[in-house]
Amino acid sequence: MKKHKQDIIRALLEILPEDAVLHDEEDLHPYECDGLSAYRRLPMVVALPTTTEQVQQILNYCYRHDISVVARGAGTGLSGGALPVDDGLLLSLAKFKNILEVDSDAKIARVQPGVRNLAISQAVDQHDLYYAPDPSSQIACTIGGNVAENSGGVHCLKYGLTVHNIQQLKIVTIEGELLTIGNSGLDSAGYDLLALMTGSEGMLAVIVEVTVKLLPKPERAQVILAAFDDVTKAGAAVGNIISAGIIPAGLEMMDKLAIRAAEDFVHAGYPVDAEAILLCELDGTNAEVSEHVLQVRDIVHNSGATEVRTAKNEEERLAFWKGRKAAFPAVGRISPDYYCMDGTIPRKRLPEVLQTMADLSEEYNLPVANVFHAGDGNLHPLILYDANIPGELERTEEFGGKILELCVSVGGSITGEHGVGLEKINQMCVQFDSLELIQFHAVKHAFDKKGLLNPGKAVPTLHRCAEFGAMHIHHGEMPHPELERF
């Protein structure tokens, strides 16, 4: 039986202290959106537990009374994945911020979901270890959110996404049951539920503990900056580097608009007259890095680079990366608003896709700043717009949808690391057919048969796809009626 707001507040106060249950409107506004601020909605109530037992009690209560739950980390996500439900509970894991254990011999760390990404590397620095995935928001984003979205970062080309860098999760189901997924060893028997849970966007369970893998710091890391007078030449150079058998630690690309914004913001030393730059980081032993630096310099010269620099010291290396990681806020300084897209494509299609995006930019009369993980084909076009102009947000969203559909058309996908959330739910209808979506719903139903966890996100109903015009529904293709709620 559905409970009224006052009943829910009273029940929560039996589990949590008074200051951990927020329900007045002024206290709810900080939770009305995530990094996709174009969509805003107030939750009915916010709970801030500090223990796993409290999370179990809260979820069990919500399950028994059919109350929707949206779990939230730091709120840095960019796809509306943490957008609240106005008649539901927002479950904040912000107080789960302890590093529980560091085992330097096994090269693992057990952490709570509210621990910041960067804090893990800072905590294990004394052991000459680090945590490899490094999203641009790593100073603020939390490991629980990283697992929910399967985040990557500038070093994901060589070291992988979050899914490749965790070993174990502790999760709480909507019924309040505590489960352990994976183990502290290097492999687990049975189904790969660890991978299933990573990137599930809070739709299957609530994460309360993460065991991450740690890596030894490389003996040496060096960055090459290559400038180009044509963005398609820079795109082709990416493929040429990988084709030579070199796997850089990071291979990032920025176009002219992003270069100028970042340089004005952090003064990284970028060549502002370039149409595009590549940042290629090579790490490993001294001998290995020396050999690869010479090879990459030759490759980018032969690919048409107009200028090639090698970071002279660690300070300059960090400055080059500071500019890249500050690109998103830097672009925010030159436009009233921007819409950050996230799609992936095969590397060989990069020049073609960049040209098509430039054509779309002209068609919609909206500038685009391109910042992306070029090495693994993960694009992050930033569409610049002004939400104060009537209809411009809608036009921007349409343009963004065209970019995602372009990614699918060349053999890519609609997301690389930001997740689907609410933002890309229509494009799910483009990437997947009805039978695939039915399977997604079946997995959701196995974990959350009432559809209470993060409802309305990530996986569209078939009816929604039919309304979007991307799918024709035949008789007999609809999932179980209970699944169609999701």
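1. A closer look at the sheet that holds strand S15 (residues 307-310)
Pairing is antiparallel across the open sheet formed by seven strands, whose spatial order is S15-S12-S14-S13-S18-S20-S16. Bordering the open sheet on either side are S15 and strand S16 (337-340), each of which pairs with just one other strand. Neighbour-to-neighbour, the strand axes of this sheet turn through a mean angle of 15°, independent of strand direction. Where strand S18 (residues 368-372) lies against strand S20 (residues 381-385), three bridges are found, and the strand directions are antiparallel. Across the sheet, Ala-369 pairs through a bridge with Leu-382, a residue of S20. The strands touched by helix H8 (residues 231-243) within the sheet are strand S12 (220-228), strand S13 (250-255) and strand S14 (276-284), with S13 carrying the most contacts at an inclination of about 175°.

2. Observations regarding the environment of Thr-285
By secondary structure assignment, the location of Thr-285 is in the loop between S14 and helix H10 (286-302). In this structure Thr-285 comes out as partly exposed when scored by relative accessible area, which is 38%. Spatially, the C-alpha atom of Thr-285 lies 8.6 Å from that of Ala-221, the residues being 64 residues apart in sequence.

3. Things to note about the packing of aromatic side chains
By the definition in use, this model includes three aromatic pairs. Ring plane angle 85° and centroid distance 6.4 Å describe the contact between Tyr-130 and Tyr-159, whose orientation is recorded as edge-to-face. You can see Tyr-130 sitting in strand S7 (residues 129-130) and its partner Tyr-159 sitting in helix H6 (residues 156-159), a full 29 residues away along the chain. Exposure remark for Tyr-130: the relative accessible area of 17% places this residue in the buried category. Ring geometry for Phe-432 versus Phe-440: centroids 5.0 Å apart, planes at 80°, classification edge-to-face. Taking NZ or CZ as reference, Lys-450 lies 4.2 Å from the ring centre of Tyr-63, over its face.

4. Examining the state of the cysteines
Put plainly, a disulfide is one covalent bond tying together the sulfur atoms of two cysteines. Evaluation of the coordinates by the stated rule reveals one disulfide. A sulfur-sulfur separation of 2.1 Å characterises the disulfide bridge that pairs Cys-429 with Cys-465. Taking the torsion about the sulfur-sulfur bond, which here is approximately -80°, the covalent link between Cys-429 and Cys-465 counts as left-handed. Placement of the pair is Cys-429 in helix H15 (residues 425-431) and Cys-465 in helix H17 (residues 462-468), with a sequence separation of 36 residues. Classification of Cys-465 by relative accessible area gives buried; the value is 0%.

5. Description of the packing of H8 against helix H13 (residues 350-364)
At a minimum axis separation of 8 Å, H8 and H13 run at an interaxial angle of 155°. Our classification of the angle between H8 and H13 gives roughly antiparallel. You can see that H8 and H13 cross each other, and the crossing is right-handed. Between H8 and H13, the contacting residues are Val-231, Thr-232, Gly-235, Ala-236 and Val-238 on the first element and Leu-350, Pro-351 and Leu-354 on the second. Of the residues belonging to the contact of H8 with H13, the class tally is six nonpolar, two polar and no charged.

Thresholds, definitions, all that
Each chain carries its own residue numbering, running from 1 in the written order of its sequence. Whole-chain, interface and lining totals are the exception, using all residues; otherwise, since this is a predicted model, local features are given only for residues with pLDDT of at least 70 and side-chain atom pairs are given and counted only at 80 or more. With hydrogens and water stripped out, all remaining heavy atoms of the structure feed into the side-chain values. The rule for pairing is simple: two strands pair if DSSP sees at least two bridges between them. Every helix listed is a DSSP run of H or I at least four residues long, and every strand listed is a run of E at least two residues long, numbered separately from the N terminus. Geometry is summarised by axes, namely lines fitted to C-alpha atoms with helices restricted to the contacting stretch, and by angles between N-to-C directions that run from 0 to 180 degrees. In this description, contact between two residues means that some pair of their heavy atoms is separated by no more than 4.5 Å. Exposure classes here rest on a 1.4 Å probe applied to the protein chains alone. A residue is buried below 20% of its type maximum, exposed above 50%, and partly exposed in between. For Phe, Tyr and Trp, where Trp contributes only its six-membered ring, two rings pair if their centres lie within 6.5 Å, and the inter-plane angle classes them as stacked under 30 degrees, edge-to-face over 60, or tilted in between. Criterion for a charge above a ring: Arg CZ or Lys NZ at most 6 Å from the ring centre, at most 35 degrees from the ring normal. For the purposes of this analysis, a disulfide is any pair of cysteine sulfur atoms at a distance within 2.5 Å. Angle categories: roughly parallel below 35 degrees, roughly antiparallel above 145, roughly perpendicular from 65 to 115, and oblique for all the rest. Less than a right angle of anticlockwise turn of the near helix away from the far helix marks a crossing as left-handed, whereas a clockwise turn marks it as right-handed. Each residue receives one of three labels: charged for Asp, Glu, Lys and Arg, nonpolar for Ala, Val, Leu, Ile, Met, Phe, Trp, Tyr, Cys and Pro, and polar for the others, Gly being one of them.

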